[in-house]
Amino acid sequence: MSSPLSTALRGTPDRTRLTPLLRLLILTQLAFNVGFFAVLPFLSEHLGTAVGMAGWTVGFVLGLRTFSQQGLFVVGGALADRYGIRPVVLAGCALRIAGFAWLGYAEATGAVIGAVLLIGFAAALFSPAVESEVARQAVVHEERGGGSRTRVLALFTVAGQAGAFVGPLLGALLLSVDFRSVCLAGAGIFVLVLAGHAWLLPQHIPGRRRVHVKGGIRVLLRNRRFLALCCAYGAYLLAYNQLYLALPAEVERATGSQSALAGLFALSSLLVVTAQLPVTRRVGDRLDLRRSMAAGLLLIAAGFTVVALARPAGWTGTAGLLPAAGFVVLLTLGQMLVAPVARAWVPDLAEEGRLGLYTGALSSVSGLIVLAGSSLTGTLLDSGLPAAVPWLVLAAVPAAAITLLPRRP
């Protein structure tokens, strides 16, 4: 029996088959996430126990990784516009191989920081390059009658989530040997990715024009519709980040431990892998970009509201986990609409020839919003307000973001 991912990659009788380039880029996202998530979930424990870092130092190192990745996406996107995606992707893969290998042998704090920065910057190179080309190819696919661009980008999301699901399983298996084996396996996956792309990724992609003129950032900062999309997408990411901030606190309150988190995270991943394409086909394809993204933000707001309404009852045990499970399901359903649509919208808002820059900026600007909003969220959760209030405030964030969405799709 074939998987939804493999079936979609092959195409259906009523849809144009995906081009070899699109299939390569979608499978690239799968491989990227398998390699990355084989290592990342086990990093903080390794730094705290094997390396002996203090808790604040571990947090600082993980924050540096996020900054060197999300914060510099705009740089990687601009480089992809200037030099094409092939050299940027290959350079990013080479840096990720070096970073993982270095991390496997790093024992001093300075060495760990250097390896982590290298790992993050590698993704800041290859991710916006791949994402921008997938978005551009999805538009071409749509214009040729192959189906909605949103469906192609939903498939890209499924591939990434499948990698995020498989990666930790591989890492956990190798962790029985040691953390160095995990890092070297992650590096090995990127060696295969590098070799595959050196062989298969075209030197010149038809229709892609390299930009040599400066000034793209100034034009971007005057693009109010694009910045509005960034803010709305940042609100979504801030809400999604509560899987790692508000949800653990709620699970701890309900059960006295965080052991149930693994099951809730697996539920989210499996929902995306199995339901992303049907949701996109039945909902996303029938709504324009603005309405589809608005529907996703409303679902996310509803997820927070479910917990807010249940909190005064103070349920514990299995019953106490039901609102948390409802939150995860609604948040994930909202993600299925918001994430592909936001990527599909960028080509309509980007300046000609600057799709890489704008794709990178979407992640960088929204990442800054999450960075600022996360500290406020932590303060809110520790404020001692009535139990439902923090969750209602969090519900208001994605709901208010709907008003920020550009009016014209």
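Residues numbered from 1 in each chain as written. Predicted model: local features only at pLDDT ≥ 70, side-chain atom pairs only at ≥ 80, totals over all residues. Heavy atoms only, no water.

Draft legend 1. Inspection of the pattern of salt bridges at higher detail. Summed over all chains, the structure comprises six salt bridges. For R136, the salt bridge goes to E133, with nearest N and O atoms at 3.0 Å. Taken together, the positions of R136 and E133, both in helix 7 (residues 109–143) and three residues apart, correspond to about one turn of that helix. Residue classification places R136 among the buried positions, given a relative accessible area of 16%. On the accessibility criterion, E133 (0% relative accessible area) is buried. As a salt-bridge pair, R149 and E142 come within 3.0 Å of each other at their nearest N and O atoms. Relative accessible area serves as the criterion here: at 11%, R149 is assigned to the buried category. (Salt bridge = Lys/Arg side-chain N within 4 Å of Asp/Glu carboxyl O. Helix = DSSP H or I, 4+ residues; strand = E, 2+ residues; numbered from the N terminus. Buried < 20%, exposed > 50% of the residue type's maximum accessible area, 1.4 Å probe, protein only.)

Draft legend 2. Layout of the packing of helix 8 (residues 149–175) against helix 13 (residues 261–282). One way to put it is that helix 8 packs onto helix 13 with a least axis distance of 9 Å and a crossing angle of 165°. The pairing of helix 8 with helix 13 is recorded here as roughly antiparallel in orientation. In this structure, helix 8 meets helix 13 at a crossing whose hand is left-handed. Here T150, R151, A154, L155, T157, V158, Q161, A162 and F165 of helix 8 lie close against helix 13, whose contacting residues are A266, S269, L270, V272, V273, Q276, L277, T280 and R281. Looking at side-chain class alone, the contact of helix 8 with helix 13 contains 10 nonpolar, six polar and two charged residues. (Axes fitted to C-alpha atoms, helices over the stretch in contact; angles between N-to-C directions. Parallel < 35°, antiparallel > 145°, perpendicular 65-115°, else oblique. Left-handed = near helix turned anticlockwise from the far one by under 90°. Contact = heavy atoms within 4.5 Å. Nonpolar A, V, L, I, M, F, W, Y, C, P; charged D, E, K, R; others polar.)

Draft legend 3. Representation of the side chain of S366 within the structure. With respect to the helices, strands and loops of the structure, S366 is situated in helix 16 (residues 355–381). At 3.2 Å, the side chain of S366 and the backbone oxygen of S363 are in polar contact. (Polar contact = N/O pair within 3.5 Å; in protein donor to acceptor, adjacent residues only side chain to side chain.)

Draft legend 4. Up close: the packing of aromatic side chains. One pass over the full model with this rule turns up 11 aromatic pairs. With a centroid separation of 5.7 Å and 10° between ring planes, the pair formed by F32 and F190 is classed as stacked. Remark: F190 occurs in helix 9 (residues 179–200) and F32 occurs in helix 2 (residues 20–37); sequence separation between them is 158 residues. Residue classification places F190 among the buried residues on the basis of a relative accessible area of 0%. Ring pairs connect the aromatic residues F32, F100, F126 and F190, which therefore count as one cluster. (Phe/Tyr/Trp six-rings, centres within 6.5 Å; stacked < 30°, edge-to-face > 60°.)

Draft legend 5. Local environment of helix 11 (residues 224–240). With 17 residues, helix 11 extends 24 Å between its outermost C-alpha atoms, agreeing within 8% with the 24 Å of an ideal straight helix rising 1.5 Å per residue. Buried residues dominate helix 11, accounting for 13 of its 17 residues. (Expected span 1.5 Å × (residues − 1).)

Draft legend 6. Region of interest: the environment of V191. Mapped onto the elements, V191 comes out in helix 9. Spatially, the C-alpha atoms of V191 and A98 are 10.0 Å apart, while their sequence positions differ by 93 residues.

Draft legend 7. Focus on the nonpolar core. Counting residues in each nonpolar core, the largest one holds 110 residues, and the members touching the most others are L103, F226, Y236, L247, M293 and F327. For this core, the element with the highest residue contribution is helix 7, accounting for 13 residues. With residues up to four places along the chain from it excluded, the contact list for L103 reads V39, L43, V112, A115, V116, I119, F179 and C183. Judged by nonpolar contacts, the second largest core, of six residues, contains L271, A275, V279 and M336. (Core = buried A, V, L, I, M, F, W, Y, C linked by side-chain atoms within 4.5 Å.)

Draft legend 8. Layout of the environment of I205. Tracing the backbone shows I205 in the loop between helix 9 and helix 10 (216–221). For I205, a relative accessible area of 11% corresponds to the buried category. Residues I205 and E133, 72 residues apart in the sequence, show an inter-C-alpha distance of 9.5 Å. Setting aside anything within four residues of it in sequence, one finds I205 in contact with L21, I85, E133, R136 and Q137.

Shape descriptors only; they carry no functional weight alone.
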